[in-house]
Structures are given as C-alpha cells and as structure tokens.
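Take a look at the letters that make up each chain.
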Amino acid sequence: MTEEFDDLINELEAAIQKEEKELYSEKTLEEAYNPKNVGVLEDPDGCGRITGPCGDTMQIHLKVEGGKIVDCKFITDGCGPSTASGSTVTEMAKGKTVEDALMIEANAVLAVLDGLPEESVHCPVLAVNTLRAAIEDYKNK
Ligand code: FES
C-alpha cells in the first residue's frame, strides 16, 4: 500500500513537472523555485503592498541610501509566476536609483523570465506596481 502510494505520488510529481516545463520557461521555473530576496526588511525606507485583480498580494520593502536602492525584499501569497516576478523585479531594482527603478516595466520583467503564458502576464504587472508603491511610499516620507 505504502509503495503504491509512493509510486502514485512520484507519478503525480512527474506529471506536474512535465506540465510546468511545457507552460513555463526554464528561467521562470528557476526563479519560482529558488526565488531571491524573499522576506521583509526591518525598518524599511519604503513599503508597498498591493492586491492584484486575481486576489494575490505582494509586498516589497526597500532600503534606500543616497537615493539608491541598496536592499529590496518581497513576499507574496501568489502563484509561482508572481514569486518569479517578485524575485526578478527586486533583483532589477537593487543598485538602481529610485528614479531608474520607477522606470522598470512589466515587459522587462517578462523578458527576463523569457515570457509567461497569457494567463500569467498580470503577475509581473503586480510585481512592478508593488515596487512603484514602495518607491512612492519612500518618496512620501
Ligand atoms: Fe495572481 Fe499570479 S495569479 S499574481
């Protein structure tokens, strides 16, 4: 029974992995399974938190020194592509001035992820909007 159950789980995992590989690029899967910059910053200089139309929420914290983003972390309760997008957008923002980070477009995140299926295109939009909200919060302080 246990062996049969294990086989079933292994088969299911293999099927899910196959489907994921058909849907998502290698880069997206890499960022979704091994995301960078996950977490919160103590006493952030800017904080953005947005719930997208899909109902998923992302939060981004910023540390800014001399107008430059020196650290950037995100958390999300969203899908794999939103995790991949949060990882990518925080990597892109780090080291940029706040003005340059404001110019990061969802399409640029999408390009780094080598594209996403149509139904996931709103995920990098959520990540970029959350980054912009964090920058606005920083600017309003
Ligand atoms: Fe909501 Fe991806 S489905 S952020």
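Residues numbered from 1 in each chain as written. Predicted model: local features only at pLDDT ≥ 70, side-chain atom pairs only at ≥ 80, totals over all residues. Heavy atoms only, no water.

Colleague: I'd love a proper account of the side chain of N37, names of residues and values included.
Modeller: Relative to the helices and strands, N37 resides in the loop between α2 (26-33) and β1 (46-51). Here N37 falls in the buried class, since its relative accessible area comes to 10%. At 2.9 Å, the side chain of N37 and the side chain of T90 are in polar contact. Only 2.9 Å separates the side chain of N37 from the side chain of K94, close enough to count as a polar contact. Look past the residues within four positions of N37 in its chain and what remains in contact with it is C72, K73, F74, S87, T90, E91 and K94. (Helix = DSSP H or I, 4+ residues; strand = E, 2+ residues; numbered from the N terminus. Buried < 20%, exposed > 50% of the residue type's maximum accessible area, 1.4 Å probe, protein only. Polar contact = N/O pair within 3.5 Å; in protein donor to acceptor, adjacent residues only side chain to side chain. Contact = heavy atoms within 4.5 Å.)

Colleague: Go over helix α6 (residues 122-139) with me, naming the residues and quoting the values.
Modeller: In a regular helix each residue adds 1.5 Å, so 18 residues correspond to 26 Å; α6 covers 25 Å between its end C-alpha atoms and thus fits that length. For α6, the full list of buried residues reads C123, P124, L126, A127, V128, T130, L131, A134 and I135. Those residues of α6 that are buried are in contact with β1, β2 (57-65), β3 (68-76), α3 (80-93), α4 (98-102) and α5 (106-112). (Expected span 1.5 Å × (residues − 1).)

Colleague: If you had to explain the sheet that holds β3 to someone new, which residues and values would you point to?
Modeller: The three strands lie next to each other as β1-β2-β3, forming an open sheet whose pairing is antiparallel. The sheet terminates laterally at β1 and β3, the two strands that pair on one side only. On average, adjacent strands in this sheet sit at an angle of 15° to one another, irrespective of strand direction. Here β2 runs beside β3; their pairing, made up of eight bridges, is antiparallel. Counterpart to M58 in the pairing with β3 is T76. Here α6 sits on the sheet in contact with β1, β2 and β3, set at roughly 145° to β1. (Pairing = 2+ DSSP bridges. Axes fitted to C-alpha atoms, helices over the stretch in contact; angles between N-to-C directions.)

Colleague: So what's going on with the packing of α2 against α3? Residues and values would help.
Modeller: Between α2 and α3, the least distance of the axes is 8 Å, while the angle of their chain directions is 85°. One element, α2, and the other, α3, form an angle in the roughly perpendicular class. Contacts from T28, E31 and A32 in α2 reach G80, T83, A84, S87 and T88 in α3. (Parallel < 35°, antiparallel > 145°, perpendicular 65-115°, else oblique.)

Everything listed here is a matter of coordinates, which is why it stays silent on function.
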